[in-house]
Every structure is written in structure tokens, then in C-alpha cells.
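So the chains spell out like this:
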Amino acid sequence: MGFSGFDIAIIVLVFLVIILLFKGIRTVPQGYNYTVERFGRYTKTLTPGLNIINPIFERVGAKMNMMEQVLDVPTQEIITRDNAIVGVDGVAFYQVLNAAQAAYQVAGLQNAILNLTMTNIRTVMGSMDLDELLSNRDAINERLLRVVDEAAHPWGIKITRVEIKDINPPANLVESMGRQMMAERDKRAQILAAEGLKQSQILEAEGRREAAFRDAEARERSAEAEAKATQVVSEAIAKGDVQAINYFVAQKYTEALAKIGSSSNNKIVLMPFEASSLIGSLGGIGEIAREVFKGDSPSGTRQGSRPPIMRQSDS
């Protein structure tokens, strides 16, 4: 049985429809977005999954990676504010948020981000001294991130991080910095040693002051006791008590003899006084003792009795 012309046309039409369906089906992988152009003009964005377009009038334009990407920033020389030349490299992380803007707002997205980052690195780090570059990396990274992200915002991307990897000063500058560091450490060591010596001297002076104060206080108390004893003897003499002065003189006399007797010097000591003076003093001490203790003698002893007193013969 033969086919008529109409049947053949229907078969061809069905075959064309099947081909168009296959050509119009687009599968977008996870992490990507595809832009769709109709007669060269952007119309829509295909998201991950199964999508159908009109293959006759529409076509897939740009295939944009929506995942976070890493861009290596090559080494470049920077002149700091204090005229030091350093080599700096870094790394930038970015993510496409709007596929249409990233595809149609800028040509060569990665190259644009790279040049923008390098330019701002020179601008930011060139306005700082070398010491600030070496000690404030976090502040530099934060400032770079803010500036680059603001500049790249119209492109539909988000700059997530900008990190400075290495800062390489010249060799002669590194040597000078090493000498400066050693000098600073020596200075700190000398300051600490001087502070320690100062504190030890202060403590030693305070100890001497405290000891002198204690000695003066002891001498003052001894002088007060001596003055008190002298005052008592003076009052006794004023009242006519001769025995008090005898006791006082005898006490000083015997203290002097005790000091001479306890001396470590083994030589003979010549004393310019007579033996009768010592005996008389001892007799005075005995008389004073009798007057003081006569009320405390036992009942068997007569109150009129006197203790024997040694006297020197007149011969």
C-alpha cells in the first residue's frame, strides 16, 4: 500500500517536531546558570535541571559558573609611602550572583576582577608605611575586600575574600630590619636591667632607713630610761637621801669593772684608783641593801643587827 503525499508530509512533520523537541531540551548541571538569547538578545536564565527552549528562535548564550571561585593574584612591586619597594602577591575569592549581569555587563570577567584587585592593592598598600604593611595585614585585607567588592557589584558578582599572601621586602631592607630589631631588643634588655638595679637600690635604701629608724627608736627609749633613773636619783638627793647617790655611783662603778673584766684583752690593766674606794663603795651598797631589806628580815633576826662590812685597816 503506497503513501500519499499528505501522509509523507505528516511523517516528515512529526519527525521534525521530534527533532525540535530534542534540540529544545537543555539540562543545566548543578552550580551553573545558562543565559538564553532570542535573536541575539537576552531573554531569560536557565537554572539547574531540565529546561526547554525554542530551538528555532532561541539559543543558549553564556554558561556561568555560580560556585565560589579562586583567582590567583600574581606578584607585583609596590612603592610604599616611605619609598620602600616590596613584592606583593595575593588571592581573591568571588562568586557570581547574577548570571545575566556577569555575562553582559563586563567582557572577560576574571581578567576584569584580576586587574581591579591588583590596582586596588597598589592603591591601598602604597598609601601605607612599610611597618604598617608588615603588622596590619588584617586591616589591609579588610580594606581591599570592601573596595574591590564595591567596584565589582555592578557586574553581578560578590567578592567574598581578598587575602595578601606574601610581602617580600628587598634583601638589604630585611638586613636593616634585623639590625633594628636586635638594637631594640638590646635596648629593652638594658632598660629592664636598669629597672631591676633601681628597684634593688630602692629596697636596700628602705631597709637601711628602717634599720636606722629602729636603732634611733632603741636609743631614744634607752635615753628615756636613763633620764628617768637620773631624775629619780636627783629627787632622792634633793630629799636628803645620801644612800641613793651612793647606790647610783656604785652601780656605774661596778658596771665599768664588769666591762673591763669581760674584755678579751689579756694584758694587765692599770687602774688609777685606790682599793679603799672600791671597798667603800661596796660598803655603801651593803648599807643601802640593809636599809631597803630591813623590813623583810626573818623574825629570828634582830632589827638592830647589821651585816658585816669590810673595812680597810688604818695601818
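As the structure is a computational prediction, the values presented were derived from the model and not from experiment.

1. Description of the overall build of the protein
A count of helical and extended segments in the protein gives eight helices and eight strands. Taken across its 315 residues, the protein has 23% of its residues classed as buried. Look at the contacts in the protein between residues 6 or more apart in sequence, and 62% of them connect residues 24 or more apart. Carbon together with sulfur atoms contributes 58% to the accessible area of the protein, which is approximately 22400 Å² in total.

2. So, unusual backbone geometry
One non-glycine residue, Phe-39, lies in positive phi territory at about 55 degrees. Note on placement: Phe-39 falls in the loop between strand 2 (32–38) and strand 3 (41–46). Since its relative accessible area comes to 66%, Phe-39 is described here as exposed. In this structure, Asn-83 is a non-glycine residue whose phi angle is positive, near 65 degrees.

3. Here we look at the packing of aromatic side chains
Under the definition given, this model contains two aromatic pairs. Measuring from ring centre to ring centre gives 5.7 Å for Tyr-42 and Tyr-104, while their planes differ by 50 degrees; the resulting arrangement is tilted. Here Tyr-42 is found in strand 3, whereas its partner Tyr-104 is found in helix 2 (residues 99–104), with 62 residues between them in sequence. The ring of Phe-93 is capped by Arg-161, whose NZ or CZ atom sits 4.3 Å from the centre of that ring.

4. Let's talk about the sheet that holds strand 8 (residues 157–168)
Ordered by their spatial adjacency, three strands build an open sheet running 6-7-8, and the pairing between neighbours is antiparallel. With one partner strand each, in any of the chains shown, strand 6 (69–79) and strand 8 form the two edges of the open sheet. Geometrically, the sheet is characterised by an average inter-axis angle of 20 degrees between neighbouring strands, direction not taken into account. The sheet contact formed by strand 7 (residues 85–96) and strand 8 spans ten bridges and is antiparallel. Bridge pairing in strand 8 places Gln-95 opposite Lys-158. Sheet strands touched by helix 3 (residues 109–126): strand 6, strand 7 and strand 8. Its angle to strand 6, the strand with the most contacts, is close to 40 degrees.

5. A look at the nonpolar core
Leu-109, Met-125, Trp-155 and Ile-157 are the most contacted members of the largest nonpolar core, which has 36 residues in total. Those elements that place two or more of their residues in this core are strand 6, strand 7, helix 2, helix 3, helix 4 (130–135), helix 5 (137–152) and strand 8. The element contributing the most residues to this core is helix 3, with nine residues. In this view, Met-125 contacts Ile-78, Thr-80, Val-88, Leu-133, Ile-140, Ile-164 and Ile-167; residues no more than four positions away in its chain are not counted. Val-28, Tyr-34, Val-36 and Leu-46 belong to the second-largest nonpolar core, a separate cluster that totals six residues.

6. Quick word on the confidence of the model for the protein
Residues with a pLDDT of 70 or more make up 76% of the protein, whose mean pLDDT is 79. By mean pLDDT, the top-scoring element of the protein is strand 2 (94), and the lowest-scoring one is helix 8 (residues 275–293) (54). Segment residues 295–315: pLDDT under 50, and ten contacts once partners within four positions in sequence are set aside and those in other chains are kept.

7. Some remarks on the pattern of salt bridges
Scanning all chains against the criterion turns up ten salt bridges. As a salt-bridge pair, Arg-161 and Glu-68 come within 4.0 Å of each other at their nearest N and O atoms. With Arg-161 in strand 8 and Glu-68 in the loop between strand 5 (58–65) and strand 6, the pair connects residues that are 93 residues apart, well separated along the chain. You can call Arg-161 partly exposed: its relative accessible area is 37%. Among the salt bridges present, the one from Arg-214 reaches Glu-210, with a minimum N-O distance of 3.0 Å.

8. Concerning a nonpolar patch on the surface
A cluster of nonpolar side chains, namely Phe-6, Ile-10, Val-14, Ile-18 and Phe-22, defines an oily patch on the protein surface of about 530 Å² accessible area. If you trace the backbone, Ile-18 turns up in helix 1 (residues 5–24).

About the criteria used
The numbers attached to residues start from 1 for each chain and follow its sequence in the written order. In keeping with the predicted nature of the model, local features appear solely for residues at pLDDT of at least 70, side-chain atom pairs appear and are counted solely at 80 or more, and the whole-chain, interface and lining totals rest on all residues. By convention in this description, side-chain values take in all heavy atoms of the structure and omit both hydrogens and water. Helix and strand assignments follow DSSP, with helices taken as H or I runs no shorter than four residues and strands as E runs no shorter than two, numbered in order from the N terminus. Exposure is judged per residue with a 1.4 Å probe applied to protein chains only, and the accessible area is read against the type maximum: over 50% gives exposed, under 20% gives buried, and values in between give partly exposed. The contact rule is simple, with two residues in contact once any of their heavy atoms fall within 4.5 Å. Surface exposure here means Shrake-Rupley accessible area, sampled with a 1.4 Å probe, where a residue is shielded only by the protein chains that are shown. A pair of aromatic rings is counted whenever rings of Phe, Tyr or Trp (Trp by its six-membered ring) have centres within 6.5 Å, and the orientation is called stacked for planes under 30 degrees apart, edge-to-face for over 60 and tilted otherwise. Counting as a charge over the ring demands two things of the Lys NZ or Arg CZ atom: a distance within 6 Å of the ring centre and an angle within 35 degrees of the ring normal. Whether two strands pair depends on DSSP finding at least two bridges between them. A fitted line through C-alpha atoms serves as each axis, taken over the contacting stretch for helices, and the angle formed by two N-to-C directions is quoted from 0 to 180°. Here, the term nonpolar core denotes a set of buried Ala, Val, Leu, Ile, Met, Phe, Trp, Tyr and Cys residues that are joined through side-chain atoms within 4.5 Å. Confidence of the prediction at every residue is given by pLDDT, a number between 0 and 100. Counted as salt bridges are all cases of a side-chain nitrogen of Lys or Arg within 4 Å of a carboxyl oxygen of Asp or Glu. The residues that make up patches have over 30% relative accessible area and no salt bridge, and they are joined within 9 Å when like-charged or within 5 Å when they are Val, Leu, Ile, Met, Phe, Trp or Tyr.

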